Amino acid sequence: MGMSLEERVRSAVAALLHASGESQTELAAALGVSQAQVSRRQSGTAAWSLTDCEAVAAHYGIDVLELLAGPTRATEALPATRRRVPGRQTGTPRPAAVEGGA
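This is a predicted model, so every value here is computed, not measured.

**Overview of the packing of aromatic side chains**
On inspection of all chains with the given rule, the structure shows 0 aromatic pairs. Across from the ring centre of W48, 5.5 Å away, lies the NZ or CZ of R41, which sits over that ring.

Structure (structure tokens):
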């Protein structure tokens, strides 16, 4: 039997956090909730609401249906600009593009 919808959403959020290099604290700040609230949703103690799912999808620049489809679809849909840069520390800003470059 496949994953339940709740499991798919939790797995997708975990995969997006990993792929983007964000922490739960950074996601919580973007959503306007506490890190503890994100943690409870990720542990299954509390559920991600449809409104939460829309906010998470918008934050990562993906369609909510891709989030609901699970971790593979969600991370495949993640824009390249949101993917973590190898070697970058979590929470560290990405280098700005060099203007007038060759």
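**Considering helix α3 (residues 35-43)**
Since the α-helix packs 3.6 residues into each turn, any two residues three or four apart lie on the same face. Looking at α3, one finds that the buried residues are V38, R41 and Q42. For α3, the arc enclosing every buried residue in end-on projection is 95°, short of the 170-degree limit, so these residues lie on one face. Structurally, α3 contributes buried residues whose contacts are with α1 (5-20), α2 (24-31) and α4 (50-60). Phi for G44, located one or two positions after α3, is positive at around 90°.

**Some remarks on the environment of T45**
Assignment of secondary structure puts T45 in the loop between α3 and α4. We classify T45 as exposed; its relative accessible area is 62%.

**A closer look at the pattern of salt bridges**
Tallied over the full model, the rule gives 3 salt bridges. The residue R10 makes a salt bridge to E6 at a minimum N-O spacing of 3.9 Å. Here R10 and its partner E6 are both found in helix α1, 4 residues apart, which amounts to about one turn of the helix. Between D52 and R41 there is a salt bridge whose closest N-O contact spans 3.1 Å. With D52 in helix α4 and R41 in helix α3, this residue pair connects regions lying 11 residues apart in the sequence.

**Topic: the confidence of the model for the chain**
Predicted coordinates in regions of low pLDDT should not be interpreted in detail. Per-residue confidence for the chain gives a mean pLDDT of 88; residues scoring 70 or more make up 83%. No element of the chain has a lower mean pLDDT than α2, at 96, and none a higher one than α3, at 98. Confidence drops under a pLDDT of 50 for residues 94-99, and excluding neighbours within four residues, the segment shows 7 contacts in the predicted structure.

**Considerations on the nonpolar core**
Counting residues in each nonpolar core, the largest one holds 19 residues, and the members touching the most others are V13, L16, L27, W48, Y60 and L67. When residues of this core are traced back to their parent elements, those giving at least two are α1, α2, α4 and α5 (64-69). Ignoring anything within four residues of it in the chain, the contact list for L16 reads Y60, I62, L67, A74, T75 and L78.

Basis of the calculations
Residues numbered from 1 in each chain as written. Predicted model: local features only at pLDDT ≥ 70, side-chain atom pairs only at ≥ 80, totals over all residues. Heavy atoms only, no water. Phe/Tyr/Trp six-rings, centres within 6.5 Å; stacked < 30°, edge-to-face > 60°. Lys NZ or Arg CZ within 6 Å of the ring centre and 35° of its normal. Buried < 20%, exposed > 50% of the residue type's maximum accessible area, 1.4 Å probe, protein only. Helix = DSSP H or I, 4+ residues; strand = E, 2+ residues; numbered from the N terminus. Arc of directions from axis to C-beta. Contact = heavy atoms within 4.5 Å. Salt bridge = Lys/Arg side-chain N within 4 Å of Asp/Glu carboxyl O. pLDDT = per-residue confidence, 0-100. Core = buried A, V, L, I, M, F, W, Y, C linked by side-chain atoms within 4.5 Å.

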